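In case you want the letters, here they are:
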Amino acid sequence: MDAVNKRNGGAELSTVLDSQKEVFLSQKHLCPDQRKAFNDILHCRTSQMGSHSLCCDSCGTVKVCYNSCRNRHCPKCQYIKQQLWVEKLKCRLLPVRYFHAVFTVPEFLNPLFYINQRFCYNLLFECSAKAVKKTALNPAFLGVESGCLSVLHTWGQSLNYHPHIHMLVPAGGLDSDGMQWLYAGKKFFVPVKALSAVFRGLFMERLLGALEDNLLRIPEGQKELFADINSLKRESYAKMWNVYIKKTFRGAGQVVSYLGRYTHRVAISNSRILDTDGETVKFRWKDYRDNKTKTMLLACSEFVRRFMQHVLPTGFYKIRYYGILASANSNTKMNECFRLLNITREVSFYHGLSTYEVMEEIFGEEMFRCSCCKNGRMVFATPEGKANGP
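Model, not experiment: these values are computed from the prediction.

Rules of the game
Residues numbered from 1 in each chain as written. Predicted model: local features only at pLDDT ≥ 70, side-chain atom pairs only at ≥ 80, totals over all residues. Heavy atoms only, no water. Pairing = 2+ DSSP bridges. Helix = DSSP H or I, 4+ residues; strand = E, 2+ residues; numbered from the N terminus. Axes fitted to C-alpha atoms, helices over the stretch in contact; angles between N-to-C directions. Expected span 1.5 Å × (residues − 1). Buried < 20%, exposed > 50% of the residue type's maximum accessible area, 1.4 Å probe, protein only. Arc of directions from axis to C-beta. Contact = heavy atoms within 4.5 Å. Core = buried A, V, L, I, M, F, W, Y, C linked by side-chain atoms within 4.5 Å. Parallel < 35°, antiparallel > 145°, perpendicular 65-115°, else oblique. Left-handed = near helix turned anticlockwise from the far one by under 90°. Nonpolar A, V, L, I, M, F, W, Y, C, P; charged D, E, K, R; others polar. Phe/Tyr/Trp six-rings, centres within 6.5 Å; stacked < 30°, edge-to-face > 60°. Lys NZ or Arg CZ within 6 Å of the ring centre and 35° of its normal. Polar contact = N/O pair within 3.5 Å; in protein donor to acceptor, adjacent residues only side chain to side chain. Salt bridge = Lys/Arg side-chain N within 4 Å of Asp/Glu carboxyl O.

(A) Region of the structure containing the sheet that holds strand β2 (residues 62-66). The strand order across the open sheet built from three strands is β2-β1-β13, with neighbouring strands paired in antiparallel fashion. The outermost strands of the open sheet, each flanked by one partner alone, are β2 and β13 (378-380). If you compare each strand with its neighbour and ignore which way they point, the axes differ by 40 degrees on average. As defined by bridge partners, strand β1 (residues 51-56) adjoins β2 across five bridges and the pair is classed as antiparallel. Counted as the bridge partner of L54 is K63 from β2.

(B) Expanded view of helix α4 (residues 79-90). Over its twelve residues, α4 runs 17 Å from end to end, which matches the ideal 16 Å to within 8%, given 1.5 Å per residue. Those residues of α4 that sit buried are Q82, W85, V86, E87 and L89.

(C) Seen up close, helix α12 (residues 333-340). Along α12, the positions that sit buried rather than exposed are M334, C337 and F338. Buried residues in α12, looked at end-on, bunch into an arc of 95 degrees, giving them a common side. Contacts made by the buried residues of α12 are with β6 (172-174) and β7 (181-183). Two residues or fewer after α12 comes N342, characterised by a positive phi angle close to 60 degrees.

(D) Region of the structure containing the nonpolar core. In terms of nonpolar packing, the biggest core is built from 48 residues, with F103, L109, F113, F189, F199, F203 and L207 touching the most fellow members. Residue assignment for this core shows that the elements contributing at least two residues are β3 (98-104), α5 (110-115), α6 (117-137), β4 (147-155), β5 (161-170) and α7 (192-212). At ten residues, the largest contribution of residues to this core is made by α6. If you look at the next biggest cluster of nonpolar residues, it comprises 31 residues, including F24, L159, I273 and V281.

(E) Summary view of the environment of P313. The topology assignment puts P313 in the loop between α11 (300-308) and β12 (319-323). The spacing of P313 and C31 is 282 residues in sequence and 9.8 Å in space, taken between C-alpha atoms. Among residues more than four places away in sequence, those in contact with P313 are D33, R72, Q117 and R118.

(F) Inspection of the sheet that holds β4 at higher detail. The strand order β8-β3-β5-β4-β12 describes an open sheet built from five strands, whose pairing is antiparallel. Unpaired on one side and paired on the other, β8 (243-249) and β12 mark the two borders of the sheet. Shown here is a sheet whose adjacent strand axes are inclined to one another by a mean of 25 degrees, direction ignored. Relative to β5, β3 runs antiparallel, the two sharing seven bridges. Bridge pairing links A101 to M167 in β5. Helix-sheet contacts for α6 involve β3, β4, β5 and β12, and the interaxial angle to β5 is about 30 degrees. Lying on the sheet, α7 is in contact with β3 and β8; it crosses β8 at an angle near 130 degrees.

(G) Up close: the packing of α7 against helix α9 (residues 229-237). The geometry of α7 relative to α9 is characterised by a closest axis approach of 12 Å and an angle of 160 degrees between their N-to-C directions. When the axes of α7 and α9 are compared, the pair comes out roughly antiparallel. The two elements α7 and α9 cross, and the hand of that crossing is right-handed. Together, R200, G201, M204, L208 and L211 of α7 and I229, L232, K233, S236 and Y237 of α9 make up the contact between the two elements. Grouping the amino acids of the contact of α7 with α9 by side-chain chemistry returns six nonpolar, two polar and two charged.

(H) Molecular detail of the packing of aromatic side chains. The full count for this structure, using the stated rule, is 15 aromatic pairs. With a centroid separation of 5.8 Å and 65 degrees between ring planes, the pair formed by Y121 and F316 is classed as edge-to-face. Here F316 lies in the loop between α11 and β12 and Y121 lies in helix α6, a separation of 195 residues in the sequence. The buried category is assigned to Y121, whose relative accessible area is 0%. Linked through ring pairs, F103, F113, Y121, F125, F199, F203, W241 and F316 together constitute an aromatic cluster. The positively charged end of R320 is found above the aromatic ring belonging to F316, 4.7 Å away from the centroid.

(I) Inspection of the side chain of H100 at higher detail. Structurally, H100 is set in strand β3. Classification of H100 as buried rests on a relative accessible area of 3%. Looking at H100, its side chain comes within polar contact range of the side chain of H166, at 3.0 Å.

(J) Fine view of the pattern of salt bridges. Counting across every chain of the model gives 13 salt bridges. D40 serves as the salt-bridge partner of K36, at 2.7 Å between the closest nitrogen and oxygen. With a gap of four residues between them, K36 and D40 both fall in helix α3 (residues 32-43), about one helical turn apart. Look at D40 and you get buried, because its relative accessible area is 11%. E302 serves as the salt-bridge partner of R305, at 2.9 Å between the closest nitrogen and oxygen. One end of the pair is R305 and the other is E302, both in helix α11 and three residues apart, which spans about a single turn. Beyond isolated ion pairs, a larger network of salt bridges with shared partners links D287, R289, D290 and K294.

Below, the structure written as structure tokens:
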């Protein structure tokens, strides 16, 4: 691989990884999940991943294409997954307004999260969702059965470690009898301070229980803090647990187009990487303190270290549905919600299409036009090198 694999004046993540592969792969800096992601991204769409052949159904020209790695942390392999998920979600979401909530934890908990990722990420998912459902049910607020769609992110714009949940919450829910859809007002149906307090209480109750049962590894340098439950409580309750409620969306269409930017996003896309010389890497980032886009220069080793922090445990689901939006309620409560809203549920446009047909719909027919005869279509070839149709 070239030292500086230029792409429209920039560089790719794989280029930066390639410059650091001897350090990170030979010196055992990575856990097995990180090592797999490193190798997959490094070899994506190269001969290391194998190949398949496309054949023109008109002139017979054969083209060999290298396979994608399909790793969920690879910036090259998320677009089609994102489009399929978004199209499926359009048919699943209720046609109502939505609130966008963001749940974060105090920064001093980050080291604990990093060395207990599966447990702590699950805890973050469960407690944030339970906080929304619990407060929504409170008759002092809206008194409805609600739900949410939650997405885990672990990074900030500068690739720092910052675990948090992005959540979509419908502006309303089913009444206590399940016979009526009640709409929320323009503002979030729960005061943010109340939601934050409930979330903090639920999280700390579960966290303290896990510590008492010795279910968690304690970070070096914080053993004294986590050994003293009273000190931990004081540290936790002295801080505000930030819950942000962002702008609302007027319907499922707005929501889905917005969510598509969040769900299958990786820690950094290739478009944000501006240049690398094998020693340093320059990339764009947004500073939310003044809402300006800036340029950051990091040593390649530090850039890779930061990126690898965001590789999730194998098999961990970073998109989850709760309450009335949960899969278990798809054919019961969700159908009832659609009925109460007088809306017919649709089937995904891509349902039943082959991979080739899906790609043709997403990228257009010209992508598969034969570059030789300019007339035929490139379709998957048989082992004998003949056109096999879409």
